[in-house]
Amino acid sequence: EAGVAQSPRYKIIEKRQSVAFWCNPISGHATLYWYQQILGQGPKLLIQFQNNGVVDDSQLPKDRFSAERLKGVDSTLKIQPAKLEDSAVYLCASSLNTGVGETQYFGPGTRLLVL
Amino acid sequence: AQRVTQPEKLLSVFKGAPVELKCNYSYSGSPELFWYVQYSRQRLQLLLRHISRESIKGFTADLNKGETSFHLKKPFAQEEDSAMYYCALRVPSGGSYIPTFGRGTSLIVHP
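All right, on to the pattern of salt bridges then. Evaluation of the coordinates by the stated rule reveals six salt bridges over all chains. In this structure, K62 of chain A and D57 of chain A form a salt bridge, with 3.7 Å as the shortest nitrogen-oxygen distance. The partner of K74 of chain B in a salt bridge is D81 of chain B, with the nearest N and O atoms 2.8 Å apart. The exposure class assigned to D81 of chain B is buried, which follows from its relative accessible area of 2%. One salt-bridge network, in which partners are shared between bridges, spans E20, K22 and K73 of chain B.

Once that is clear, we can look at the interface of chain A and chain B. The interface of chain A with chain B comprises 23 residues on the first partner and 19 residues on the second. With both chains or domains summed, chain A and chain B bury close to 1700 Å², and 53% of this area falls on carbon and sulfur atoms. Counting across the interface, chain A meets chain B through zero salt bridges. Remark: the boundary between chain A and chain B carries seven residue pairs in polar contact (both at pLDDT 80 or more). Broken down by secondary-structure element, the contributors of at least two residues to the side of chain A that touches chain B are β4 (31-37), β5 (44-50) and β6 (53-56) of chain A. The element contributing the most residues to the side of chain A that touches chain B is β4 of chain A, with three residues. Residues belonging to the side of chain A that touches chain B are distributed by class as follows: nine nonpolar, twelve polar and two charged.

Let us now look at the sheet that holds strand β8 (residues 72-74) of chain B. Residues and elements named next belong to chain B. Pairing within the open sheet is antiparallel, and its three strands lie in the order β3-β8-β7. The open sheet is flanked by β3 (19-21) and β7 (60-61), the only strands paired with a single partner. Both β3 and β8 contribute to a ladder of three bridges, which runs antiparallel. When the sheet's bridge partners are listed, V19 is paired in β8 with K74.

Taken together, the side chains of I12, L113 and L115 of chain A make up a nonpolar region of the molecular surface, amounting to roughly 300 Å² of accessible area. Mapped onto the fold, I12 of chain A is located in strand β2 (residues 10-13).

One pass over the full model with this rule turns up ten aromatic pairs over all chains. Ring geometry for Y33 of chain A and Y35 of chain A: centres 6.1 Å apart, planes at 20°, overall stacked. With a relative accessible area of 0%, Y33 of chain A lands in the buried category. Between F106 of chain A and F101 of chain B, the ring centres sit 6.1 Å apart and the planes meet at 85°, which makes this aromatic pair edge-to-face. Taken as a pair, F106 of chain A in strand β10 (residues 105-106) and F101 of chain B in strand β10 (residues 96-101) lie in two separate chains rather than in one. Grouped by ring-pair contacts, the aromatic residues Y33, Y35 and F106 of chain A together with F34, Y36 and F101 of chain B constitute a single cluster.

Thresholds applied
Residues numbered from 1 in each chain as written. Chains lettered and ligands numbered in written order. Predicted model: local features only at pLDDT ≥ 70, side-chain atom pairs only at ≥ 80, totals over all residues. Heavy atoms only, no water. Salt bridge = Lys/Arg side-chain N within 4 Å of Asp/Glu carboxyl O. Buried < 20%, exposed > 50% of the residue type's maximum accessible area, 1.4 Å probe, protein only. Contact = heavy atoms within 4.5 Å. Buried area = accessible area lost by both parts, 1.4 Å probe. Polar contact = N/O pair within 3.5 Å; in protein donor to acceptor, adjacent residues only side chain to side chain. Helix = DSSP H or I, 4+ residues; strand = E, 2+ residues; numbered from the N terminus. Nonpolar A, V, L, I, M, F, W, Y, C, P; charged D, E, K, R; others polar. Pairing = 2+ DSSP bridges. Patch = residues over 30% accessible without salt bridge, like charges linked within 9 Å, V, L, I, M, F, W, Y side chains within 5 Å. Areas by Shrake-Rupley, 256 points an atom, 1.4 Å probe, with all protein chains shown as cover. Phe/Tyr/Trp six-rings, centres within 6.5 Å; stacked < 30°, edge-to-face > 60°.

The structure is reproduced here in structure tokens:
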């Protein structure tokens, strides 16, 4: 089966600019996750969707970050305006559902550098 | 709030030596625990989960609720085990499960 797809793979922007990342999960996967991974740290969950509803967004900086998952398939994560500290790898993952023992499948990530 | 602690940032061993990557968690309920691995230039992927009680690539991990630990072990390390290892915890919340990852341990196995 095809894996989780993300684009772009790399992005360089200046602070105060906006940027958007796209994720296409594995077909049939109801749950989609966006993580931020700063260099030297583990992935930090930003937002979790179940179909097109938000399950958890407690760690999403809502003053500048937004995410949507229209039609419960693809998802877009946006940052506006970007700050230097947003430089990180943004990982998208999906799972069949959110039940016990469910495995997450990760995309390759988008590496963002904010100058 | 739940937390996952991986105390070692780097673990360096020689081929054939035993390996133990430590993971401690803080959560008052019954957790789900996982180990994920990221090999060089590859995606993060599941290595094993505690509910399966399985051995994958020679690795095992036992959940110790008394010590709130889920250490990853392998009796004889191989060079191909060199990778980043992340311990992850999932806790129930509002009908779903919310994941938390540790900061990761880089394992280097020398020939």
